[in-house]
Amino acid sequence: MSKTVLYMSMSVDGFIAGPNAAPGNGLGDKGQRLHEWFLPDADADHRTGSHLAGVNREVMDEAMATGAVVVGRRTFELADGWGGDHHDGVPIFVLSRHQPDPELQWPGVTYVSDVTAAMNMAKDAAGDKDVLVHGARTARLALAAGVLDELQIHLVPVLIGQGEPLFEDMPPDHIELELLRAADGPGVTHLRYRVRTGG
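Identification of the chain as Dihydrofolate reductase family protein from Actinoallomurus vinaceus is taken from an unreviewed UniProt entry.

Moving on, we get to the overall build of the chain. The helix and strand tally for the chain stands at 4 helices and 10 strands. Along the chain direction, N to C, the helices and strands of the chain fall in the order β-β-α-β-α-β-β-α-β-α-β-β-β-β. Viewed in the frame of its principal axes, the chain has a C-alpha envelope of about 45 × 40 × 30 Å. Counting only residues that meet the buried cut, the chain has 45% of its 199 residues in that class. Long-range pairs, those at least 24 residues apart, make up 66% of the contacts in the chain between residues at least 6 apart in sequence. Accessible area of the chain: about 10000 Å², with a carbon and sulfur share of 51%.

This next bit is on helix H1 (residues 54–64). Along H1, the residues classified as buried are Val55, Asn56, Val59, Met60, Ala63 and Met64. Contact partners of the buried residues in H1: strand S1 (4–11), strand S6 (131–134), strand S7 (150–156), strand S9 (177–185) and strand S10 (188–195).

Turning our attention to the pairing of strand S3 (residues 68–72). Along S3, 5 of the 5 residues are buried, which leaves the element largely enclosed by surrounding structure. As defined by bridge partners, S3 adjoins S6 across 4 bridges and the pair is classed as parallel. If you follow valine 70 over to S6, its bridge partner there is valine 133. After leaving S3, the chain enters helix H2 (residues 73–78) and then returns to the sheet as strand S4 (residues 92–95), a path that is right-handed.

Right, let's get into the pairing of S6. Walk down a regular strand and you will see the side chains alternate between the two sheet faces. Burial of S6 is two-sided: the residues Val131 and Val133 facing one way and the residues Leu132 and His134 facing the other way are all buried. As paired elements, S1 and S6 share 3 bridges and run parallel to each other. When the sheet's bridge partners are listed, valine 5 is paired in S6 with leucine 132.

Attention shifts here to the sheet that holds S3. Pairing is mixed in the open sheet, where 8 strands are placed in the order S5-S4-S3-S6-S1-S7-S10-S9. Across the chains shown, the open sheet's two edge strands, defined by having one partner strand only, are strand S5 (109–112) and S9. Direction aside, the axes of adjacent strands within the sheet are offset by 20° on average. Relative to S10, S9 runs antiparallel, the two sharing 8 bridges. Note on S10: the bridge partner recorded for aspartate 184 is threonine 189. Helix-sheet contacts for H1 involve S1, S6, S7, S9 and S10, and the interaxial angle to S9 is about 130°. The strands touched by helix H3 (residues 115–126) within the sheet are S1, S3, S4, S5 and S6, with S4 carrying the most contacts at an inclination of about 175°.

Rules used throughout
Residues numbered from 1 in each chain as written. Predicted model: local features only at pLDDT ≥ 70, side-chain atom pairs only at ≥ 80, totals over all residues. Heavy atoms only, no water. Helix = DSSP H or I, 4+ residues; strand = E, 2+ residues; numbered from the N terminus. Buried < 20%, exposed > 50% of the residue type's maximum accessible area, 1.4 Å probe, protein only. Contact = heavy atoms within 4.5 Å. Areas by Shrake-Rupley, 256 points an atom, 1.4 Å probe, with all protein chains shown as cover. Pairing = 2+ DSSP bridges. Right-handed = clockwise from strand over helix to strand, strands pointing away. Axes fitted to C-alpha atoms, helices over the stretch in contact; angles between N-to-C directions.

Now the structure itself:
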């Protein structure tokens, strides 16, 4: 059965991007450090992870085997929409309150205003494959709505100090996680958690 899985590189102090994230500086100032484990020298050609080995390769292979992507509009725009293709032409569902300029739309990209609807549409599109979730705000909304199944945190041994935190402004609900995997790779520790549901 398809699962919705957040894939996110994060500093030990909880940041997923440095300060001043903007178009052309999507990871913020010095935020590239969080992605060095799979994107050496900010080389977009390495996005598929084909240059990796060991657990880092395994984790990237899992991400690239997903059947759909759900992403927040801000993250999507900071990544220049990945040129309309995150990987292998899978459908991309962009969480947004507003439709895009028609000139900026790509085939395979759908704008959806509700996080639950976006997750359900992505699961339907993915079939038996997992759904890759991107964006801190999208993750927080999905957790609050109970539609995020797993978190795959790539914990990078650095303290960023400021920037975009992953879990800022979370609802006061206590969310329990179950550790499914902890694996060390060069420059990163991969932590995969299942979101525990009540009852």
